[in-house]
Amino acid sequence: MFLKFWVLFLLVILFIHGDGTLASDPDPIQDFCIPNPKFGAIKTAHLTILPCKNSSEATTDDFVFSGLKGTGNFTDTGLATIPVNPAIFPGINTLGMSLVRADLKVGGINPPHFHPRATEIAYVVQGNVYAGFVDSNNRVFSKVIEQGEVMVFPKGLVHFQMNVGKKPATIFASLNSQNPGLQKIPSAVFGSGIDEKLLEKAFGLSHKQIGTMRRRFDPKQ
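Residues numbered from 1 in each chain as written. Predicted model: local features only at pLDDT ≥ 70, side-chain atom pairs only at ≥ 80, totals over all residues. Heavy atoms only, no water.

- Under an unreviewed UniProt entry, the protein has the name Germin-like protein and belongs to Durio zibethinus.
- In the Sequence similarities (unreviewed entry) part of its UniProt record, the protein is described as follows: "Belongs to the germin family."
- Here the protein is described in UniProt, under the heading Subcellular location (unreviewed entry), as follows: "Secreted, Extracellular space, Apoplast". (UniProt positions renumbered as here; feature names shortened; annotations may be inferred.)

**Here we look at the overall build of the protein**
Here's step 1: Assigned secondary structure in the protein consists of four helices and 14 strands.
Here's step 2: Relative to all contacts within the protein whose residues are 6 or more apart in sequence, the contacts with residues 24 or more apart total 67%.
Here's step 3: About 13,200 Å² of surface is accessible on the protein, with carbon and sulfur atoms providing 59% of the total. (Helix = DSSP H or I, 4+ residues; strand = E, 2+ residues; numbered from the N terminus. Contact = heavy atoms within 4.5 Å. Areas by Shrake-Rupley, 256 points an atom, 1.4 Å probe, with all protein chains shown as cover.)

**Digging into the sheet that holds strand 7 (residues 109-114)**
Here's step 1: The strand order across the open sheet formed by five strands is 10-9-12-7-14, and the pairing between neighbours is antiparallel. Each end of this open sheet is capped by a strand with a single partner; those strands are strand 10 (140-146) and strand 14 (183-184).
Here's step 2: Here strand 9 (residues 128-134) pairs with strand 10 via seven bridges, running antiparallel. Each residue of the ladder has a partner; that of tyrosine 130, found in strand 10, is valine 144. (Pairing = 2+ DSSP bridges.)

**Side note on the nonpolar core**
Here's step 1: Counting residues in hydrophobic clusters, the biggest one holds 17 residues, and the most contacted among them are Leu104, Val129, Ala131, Ile145, Met151, Phe153 and Ile171.
Here's step 2: Listing elements by their share of this core, those giving two or more residues are strand 6 (98-104), strand 8 (120-126), strand 9, strand 11 (150-153) and strand 13 (169-175).
Here's step 3: Per element, the largest residue contribution to this core is four residues, and it comes from strand 13.
Here's step 4: If you look at the next biggest cluster of nonpolar residues, it comprises 10 residues, including Ile82, Val84, Ile92 and Val125. (Core = buried A, V, L, I, M, F, W, Y, C linked by side-chain atoms within 4.5 Å. Buried < 20%, exposed > 50% of the residue type's maximum accessible area, 1.4 Å probe, protein only.)

**Considerations on the pairing of strand 13**
Here's step 1: The element strand 13 is largely enclosed, with a buried count of seven among its seven residues.
Here's step 2: Side chains of strand 13 alternate between two faces, with Ala169, Ile171, Ala173 and Leu175 and Thr170, Phe172 and Ser174 buried alike.
Here's step 3: Alignment of strand 6 against strand 13, held across seven bridges, turns out to be antiparallel. Paired with serine 98 across the strands is leucine 175, a residue of strand 13.

**Focus on the environment of valine 140**
Here's step 1: When you line up the elements, valine 140 lands in strand 10.
Here's step 2: Judged by relative accessible area, valine 140 falls into the partly exposed class, the value being 44%.
Here's step 3: Sequence spacing of valine 140 and histidine 159 is 19 residues, and the spatial spacing of their C-alpha atoms is 9.2 Å.
Here's step 4: For valine 140, the contacting residues outside a window of four places in its chain are Phe133, Val134 and Phe160.

**Points about the layout of surface pockets**
Rolled over the atoms, a probe with the dimensions of a water molecule shows which regions are left empty.
Here's step 1: Quantified by volume, the largest pocket comes out at close to 950 Å³.
Here's step 2: As for the largest pocket, its lining consists of 40 residues, of which Thr81, Pro83, His115, Leu182 and Lys184 are closest to the centre.
Here's step 3: Mapped onto the lining of the largest pocket, the elements with two or more residues apiece are strand 5 (79-84), strand 6, strand 7, strand 8, strand 13, helix 2 (185-190) and helix 4 (207-217).
Here's step 4: Among the elements that take part in the lining of the largest pocket, strand 5 stands out by supplying five residues, more than any other.
Here's step 5: Looking at the lining of the largest pocket, its residues break down into 21 nonpolar, 15 polar and four charged. (1 Å grid on protein atoms, 1.4 Å probe; cavity = no way out; pocket = protein on both sides within 12 Å on 5 of 7 lines; lining within 4 Å. Points joined across faces, edges and corners; volume = space filled by probe spheres on them. Nonpolar A, V, L, I, M, F, W, Y, C, P; charged D, E, K, R; others polar.)

**Let's talk about the packing of helix 3 (residues 196-203) against helix 4**
Here's step 1: Remark: helix 3 packs on helix 4, axes separated minimally by 10 Å, with the N-to-C direction vectors making an angle of 105°. The orientation of helix 3 with respect to helix 4, classified from their angle, is roughly perpendicular. Packed against helix 3, whose contacting residues are Glu196, Leu199 and Glu200, the element helix 4 presents His207, Ile210 and Arg214 at the interface.
Here's step 2: For the contact of helix 3 with helix 4, a count of residues per class yields two nonpolar, one polar and three charged. (Axes fitted to C-alpha atoms, helices over the stretch in contact; angles between N-to-C directions. Parallel < 35°, antiparallel > 145°, perpendicular 65-115°, else oblique.)

Quick look at the structure:
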């Protein structure tokens, strides 16, 4: 019950601003929009539009999601994430929000990354996590946050987490966009096809070192 309370708290706090609501996505024009599986999605540059089914067909189960009870699959950095968007949780469609569960093994990291379309607020369910972000002046705001603490990562700024405790860590985070986007810095730089000579000059690395980084972060290799 305690855990459910904090998850609800995270979802609400993002949208309370003075006496109104604030969301980075367009405000809904109806109470809710449960996606209709009979119709395909309409994709735009930054948003996938899911046509609504008749509101009379909505059920309580559309507004309940149980997929965050366990951990996801771990990567080689010791990170497991379960991102939640309208495709798997119909009830949040058009509400300008999404969420994610992140688990970190001891010493595991969530590499530097950013969300171009959303601010993120993260609540530490368990563990001790070194977390922070870098502003546009290259100033780092970071500290070890513990169980029960919350940290916010402003929209579009690079941020990161690392488990510095002696036990696994779990984080629940909410974002104020149903399509926040995600760019991991290492993959964006070395896995995107940027000209190799530019990377050599930018980072002072040799041809061989650039090749090593590309093999590590380029998903096509």
